[in-house]
Amino acid sequence: MPDETCVHISSVNALKQPKRRECEECVKIGGEWVHLRTCQECGGTRCCDSSPNKHATKHARASKHPLIASAEPGERWLYCYPDDAFMEY
Ligand SMILES: [Zn+2]
Ligand SMILES: [Zn+2]
Ligand SMILES: [Zn+2]
């Protein structure tokens with residue numbers, strides 16, 4: 001593992017894929033999103049920081065779930081909030 005990854009990223013062995021290609025929080029409130037991220041702790045898919053509601057980041061802060069993976073086709077990366085670590089795979 002390269003140095004820039006963290007204990008959370010290093011311990012991932014099976015990536016959680018998005019169950020639905022939509023932000024589960026935006027769907028409830030009729031919001032719109034730009035890109036989608038999937039929480040690697042609970043498997044929930046939520047919207048990115050370019051989206052008005054930033055649900056992925058809000059969820060990570062509120063739940064202390066550290067890792068997200070991009071849920072966008074063609075994007076293959078993980079991000080850890082507490083360590084600010086990023087890894088492409
Ligand atoms: Zn980490
Ligand atoms: Zn959202
Ligand atoms: Zn989560």
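Structure: above.
The structure reproduced in this document is the subject of the present report.

Rules used throughout
Residues numbered from 1 in each chain as written. Chains lettered and ligands numbered in written order. Predicted model: local features only at pLDDT ≥ 70, side-chain atom pairs only at ≥ 80, totals over all residues. Heavy atoms only, no water. Donors = N, O, S within 2.8 Å, 3.2 Å for Na, K, Ca; no water. Tetrahedral: all angles 85-135°; square planar, octahedral: opposite > 155°, others 65-115°. Phe/Tyr/Trp six-rings, centres within 6.5 Å; stacked < 30°, edge-to-face > 60°. Buried < 20%, exposed > 50% of the residue type's maximum accessible area, 1.4 Å probe, protein only. Salt bridge = Lys/Arg side-chain N within 4 Å of Asp/Glu carboxyl O. Helix = DSSP H or I, 4+ residues; strand = E, 2+ residues; numbered from the N terminus.

The protein atoms donating to the zinc ion (ligand 2) are C23 (SG), C26 (SG), C47 (SG) and H55 (ND1), with metal-donor distances spanning 2.0 to 2.3 Å. Seen from the zinc ion (ligand 2), its four donor atoms lie at angles of 105 to 117 degrees, and the figure they make is tetrahedral. Mapping the donors of the zinc ion (ligand 2) onto the primary sequence yields the spacing C-x2-C-x20-C-x7-H.

Attention shifts here to the packing of aromatic side chains. Counting across every chain of the model gives two aromatic pairs. For the pair W77 and F86, a centre-to-centre distance of 5.4 Å together with 35 degrees between the ring planes defines the contact as tilted. Overall, W77 belongs to the buried group, its relative accessible area being 14%. Taking the centre distance of 5.2 Å and the plane angle of 85 degrees together, the rings of Y79 and Y81 count as edge-to-face. Y81 gets classed as partly exposed once you look at its relative accessible area, which sits at 21%.

All told, the structure shown has six salt bridges when counted by the stated rule. The salt bridge involving R21 is made with E72; its shortest N-O contact spans 4.0 Å. One end of the pair, R21, is in the loop between α1 (7–10) and α2 (24–29); the other, E72, is in the loop between β3 (67–70) and β4 (77–80), and 51 residues separate them in sequence. By relative accessible area, which is 16% here, E72 ends up buried. The structure contains a network of salt bridges with shared partners spanning E24, E25, K28 and R46.

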